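# Notes for the structure review
The chain contents come next:
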Amino acid sequence: MSEVLISTEGLSKHYPIGSGFFRSQRRVVRAVDGIDLEIRERETFALVGESGCGKTTLGRVMLRLIERTNGTVRYRGQDLHALDDSAMRAMRKKLQIVFQDPYASLNPRMRVKDILAEPLRAHGFGTEAEIEERCGELLDMVGLRRQLLRRYPHQFSGGQRQRIGIARALANSPEFVVCDEAVSALDVSIQAQVLNLLRDLQEQLKLTYLFITHDLSVVRQFADRVGVMFLGRMVEVGTTEEIFSNPRHPYTMFLISAVPRPDPHQRNRERPMLVGDIPSPMNLPSGCRFHTRCPYAQAICRSEEPSLSDHDGRAVACHFPLDR
Amino acid sequence: MTDQTTLLSVRNLRTEFKTQNGPVRVVDGVSFDVGRGRIVGLVGESGSGKSMTALSLMGLVPSPPGRVNADSIQLNGTDLARLNSDEMRRRRGREVAMVFQEPMTSLNPVKTMVQQVGEPLAIHTNLGKRAIREKVLRMFETVGIPEPAARLDVYPHQLSGGLRQRAMIAMGLICEPQLLIADEPTTALDVTTQAQILRLMMALRDKVGTAIVMITHDLGIIAEMCDEVNVMYAGQIVEQANVFDLFDRPSHPYTRGLLASIPKATEMRTTARLNSIPGVVPNLANLPNGCRFHPRCADAMPICKLKQPELTDLSNGHKARCWLHDKQGGKA
């Protein structure tokens, strides 16, 4: 097995919420709450969960784009939060991110050349001629013609813009790339093109991906391992194969069964369905955060929060993991 | 084909927008039928014209710059294409209603739920306030809003996305229309909420008999709930079929490409690459000659570059707009 590239221990990000005029106690939203995670070199680790589960926040705290509240992030054993500003800045070359919205994440007033050159200049890549050459190379890598360097973002389609976003992330030859809903805004035929590109680049450049998405179909075809989040907690971690064929946490099972299948012959299959809404993250239920929606909940689930622990080689945070 | 079972029959719908570079036709010759109590899908990628088709049917295309033409849009024997805007307004919300994609932006933030969900009743019926309140409450129960009485006097921002979308559906159904047009009704929602909403729509169809035009980019949703499907590309229907025929025997290369490019949640990661359709959707202001799909089509023949194929019947109502299925082998 390859080496651990990046890991977290007890990683948390809590946001204070404005306390009312007469309210004295400070309330917090536990967006990310005590996450232990290991991602190995050259693997694709998918982080899945519904909106508000903290997956995006976790990705950003891991890159130190937002500061943590508690816990540690180690990159090749190095504690990222122990680094001073200049050391962290140097480290950023290795840690990159591709954003979701290809329309919002590129500056409309910059030419593609300048968008790609910005990270290169920031890290002192070399002379202007070398930067120009590198920008051309980057476009080659993502399958766009070099002639397009002088264009502006609005002259590109959504899929092409996402390729530019990927090229920008790759400018300084990173090792670890967070793809935050990187293909979610794209049409399905274009999505496939970009996923293929990401896979080729991983192969060529030995990249490690943290792939954040709500789209389970993409995960199944793209990821090696999957972590399922619910309200700031990791509820299950396993290989893609295990998670999909034999989910052990009830939430994982409901999540997978809710995905519409593109096969009308399966429409009458038995489909367990979650009822109700996700509880408010400002007002978390006691005990297991999932118990209010869980049909298998028992007394202990209401009082005691289960920790992510090993059940026959699978990490599950549940008092009564499913057994099938 | 307007018999007792046909509720909506659209013939040769054409929607144009005036632009600086001349008129752009965003919907071009769309024809389809919706039977009573049927769920008919319109599927396509962004810019395919599926939402514009819906807005055109509802008479909601702003004019100018838009212009809607059709040979006919028969709803229950009335030709909507011949109605003036007042007559259309009297039908909208009562006979045909629409559910929009964004439950966040398509509700009025300064009106309470009972005010806006009850608005169609206030407009189309002479029910009093108390009766409207009672009806809204019952509709909230029908669409599965928990604690419905407590949701009547709240504002949209106080509800979750799933509840807002349920309220939108409640608003669409409050006058018991025979036809509901749902434009990506679950796209903004989480997958577990989406499953609830789709199940709700199917249950309402079964219970009330509402026919639904389901507009989506998600072939999974099409497979789960539609009876018939229209695949749209660049403003036209390129394939029309019963849902089983469409998935079992996709006949247009674009449909085949779409089906091949969906990552299947039931299929394990393979080292094989996903199939993708090369290229991008054409610019409607600058369409290719011949078949609109030919620049992206692996099976393109010489004729495809020259002449536009018609939507032709392959068997039993399964239609495709493609020269591959031409009887003369595309030698016309």
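Residues numbered from 1 in each chain as written. Chains lettered and ligands numbered in written order. Predicted model: local features only at pLDDT ≥ 70, side-chain atom pairs only at ≥ 80, totals over all residues.

## Brief notes about the overall build of chain A
Rules: Going along the chain from the N terminus, every DSSP run of H or I of four or more residues is numbered as a helix, and every run of E of two or more is numbered as a strand. We take the radius of gyration over the C-alpha atoms and set the globule estimate at 2.2 Å times the residue count to the 0.38 power. Think of it as a crowd count around each C-beta: if 20 or more other C-beta atoms lie within 10 Å the residue is buried, if 12 or fewer it is exposed, and in between it is partly exposed, with C-beta placed from the backbone throughout. Two residues qualify as a contact pair if the distance between their C-beta atoms, derived from the backbone, is within 7 Å.
Assigned secondary structure in chain A consists of ten helices and twelve strands. Compactness check: chain A gives a C-alpha radius of gyration of 21 Å against a globular reference of 20 Å for 324 residues, within 12% of the reference. Taken along its principal axes, the extent of the C-alpha atoms in chain A is 70 × 55 × 45 Å. Counting every position in chain A, which comprises 324 residues, the buried fraction comes to 43%. Taking as baseline every contact in chain A between residues at least 6 positions apart, the subset at least 24 positions apart corresponds to 65%.

## Observations concerning the domain arrangement of chain A
Residue and element names in this part refer to chain A. So the rule is basically this: Throughout, the edges of the domains are those of an automatic or database domain assignment. Three residue categories are used. Nonpolar comprises Ala, Val, Leu, Ile, Met, Phe, Trp, Tyr, Cys and Pro, charged comprises Asp, Glu, Lys and Arg, and polar comprises the others, including Gly.
Examined at the domain level, chain A breaks down into domain 1 (4-17 + 27-94 + 174-316) and domain 2 (107-166). Distance between the C-alpha centres of domain 1 and domain 2: 30 Å. Contact with domain 1, which involves nine residues of that partner, is made by nine residues of domain 2. When grouped by side-chain class, the residues that make up the side of domain 1 that touches domain 2 number seven nonpolar, one polar and one charged.

## A word on the interface of chain A and chain B
On the chain B side, the residues contacting the 36 residues of chain A number 40 residues. Of all the secondary structure elements, the ones that give two or more residues to the side of chain A that touches chain B are helix 6 (188-205), helix 7 (216-222), helix 8 (240-245) and helix 9 (250-257) of chain A. Broken down by element, the side of chain A that touches chain B gets its largest block of residues, seven residues, from helix 6 of chain A. Considering only residue class, the side of chain A that touches chain B consists of 16 nonpolar, eleven polar and nine charged.

## Focus: the confidence of the model for chain B
All names here are of chain B. Applicable threshold: In predicted models, pLDDT denotes the confidence assigned by the predictor to each residue on a 0 to 100 scale.
Of all residues in chain B, 94% have pLDDT values of 70 or greater, and the mean over the chain is 88. Highest mean pLDDT in chain B belongs to strand 11 (residues 236-242) (97); lowest belongs to helix 6 (residues 161-173) (87). As scored by the predictor, the complex reaches a pTM of 0.87 and an ipTM of 0.83.

## Details of helix 5 (residues 129-142) of chain B
All names here are of chain B. The cut-off we apply is this: By this rule, a helix spans an expected 1.5 Å times one less than how many residues it contains. What the arc covers is the set of directions going from the helix axis to the C-beta atoms.
Compared with an ideal rise of 1.5 Å per residue, which puts 14 residues at 20 Å, helix 5 spans 20 Å between its outermost C-alpha atoms and is within 8% of the ideal. Those residues of helix 5 not exposed but buried are Ile132, Val136, Met139 and Phe140. Projected onto a plane normal to the axis of helix 5, the buried residues spread over an arc of 105° and lie on a single side. Residues of helix 5 that are exposed and point more than 90 degrees away from the buried face comprise Arg130 and Arg138. With its phi angle positive at about 75°, Gly144 sits one or two positions after the end of helix 5.

## What to know about the nonpolar core
To keep things clear, this is the line we draw: Residues of type Ala, Val, Leu, Ile, Met, Phe, Trp, Tyr and Cys that are buried and joined through C-beta atoms within 7 Å form what is called a nonpolar core.
Judged by nonpolar contacts, the single largest core of 179 residues is most densely connected at Ala170, Leu179, Val213 and Met214 of chain B. Counting residues domain by domain, this core receives three or more from each of domain 1 (4-17 + 27-94 + 174-316) and domain 2 (107-166) of chain A. Residues contacting Val213 of chain B, with those up to four places away along its chain left out, are Val34, Val40, Leu42, Ala54, Leu179, Ile181 and Ala182 of chain B.

## Quick look at the environment of Val191 of chain B
Residue position: Val191 of chain B is located in helix 7 (residues 191-208). The buried category is assigned to Val191 of chain B, around which 23 C-beta atoms lie within 10 Å. When the C-alpha positions of Val191 of chain B and Ala223 of chain B are compared, they lie 16 Å apart, and in sequence the two are 32 residues distant. If we ignore the near neighbours within four places in the chain, the residues touching Val191 of chain B are Glu50, His214, Leu255, Ala258 and Val259 of chain A.

## With respect to helix 9 of chain A
A large share of helix 9 of chain A lies buried, amounting to six of its eight residues. Along helix 9 of chain A, the residues that are buried comprise Pro250, Tyr251, Thr252, Phe254, Leu255 and Ile256 of chain A. Turning to helix 9 of chain A, the residues buried within the fold contact helix 7, strand 9 (225-230), strand 10 (233-239) and helix 8 of chain A together with helix 7 of chain B.

## Observations concerning the sheet that holds strand 5 (residues 78-79) of chain A
Residue and element names in this part refer to chain A. We count it as follows: A pair of strands is treated as paired once DSSP finds two or more bridges between them.
Spatial strand order, 2-1-4-5: four strands in an open sheet with antiparallel pairing. The open sheet has two edge strands, strand 2 (27-40) and strand 5, and neither has a second partner. Note that strand 1 (residues 4-17) and strand 4 (residues 70-75) share five bridges and pair antiparallel. Its bridge partner being in strand 4, Ser7 is matched across the sheet by Arg74.

## What about the pairing of strand 9 of chain A?
Residue and element names in this part refer to chain A. For strand 9, the buried fraction is high: five of the six residues fall into the buried class. Both strand 3 (residues 44-48) and strand 9 contribute to a ladder of four bridges, which runs parallel. Along strand 9, the bridge assignment pairs Ala46 with Val226. Here strand 9 runs beside strand 10; their pairing, made up of six bridges, is antiparallel. Of the residues in strand 10, the one forming a bridge with Gly227 is Val237.

## Let's talk about the pairing of strand 4 of chain A
Residues and elements named next belong to chain A. Pairing of strand 4 with strand 5 involves two bridges; the strand directions are antiparallel. For Tyr75, the partnering residue across the bridge sits in strand 5 and is Gln78. Following strand 4, the chain reverses through two residues before pairing antiparallel with strand 5; Arg76 in that reversal takes a positive phi of roughly 50°.

## A look at the sheet that holds strand 12 (residues 312-315) of chain B
Residues and elements named next belong to chain B. What counts here: Lines fitted to C-alpha atoms define the axes here, with helix axes fitted over just the stretch in contact, and angles between the N-to-C directions of these axes take values from 0 to 180 degrees.
Across the sheet, eight strands lie side by side as 7-8-9-3-10-11-13-12; this open sheet has mixed pairing. Among the strands making up the open sheet, the edge pair consists of strand 7 (96-99) and strand 12. Across this sheet, the average inter-strand angle for adjacent strands is 20°, counted without regard to direction. As paired elements, strand 12 and strand 13 (residues 318-320) share three bridges and run antiparallel to each other. Paired with Asp313 across the strands is Lys319, a residue of strand 13. Where helix 6 meets the sheet, it contacts strand 7 and strand 8 (179-183), and its direction lies at approximately 170° from that of strand 7.

## Notes on unusual backbone geometry
Following Ser63 of chain B, the chain continues into Pro64 of chain B via a peptide bond in cis, with omega recorded as -10°. With an omega of 10°, the peptide bond running from Pro64 of chain B to Pro65 of chain B counts as cis. Inspection of the secondary structure puts Pro65 of chain B in the loop between helix 1 (50-58) and strand 4 (66-69). Its identity as a non-glycine residue notwithstanding, Ser173 of chain A has a phi of 50°, on the positive side.

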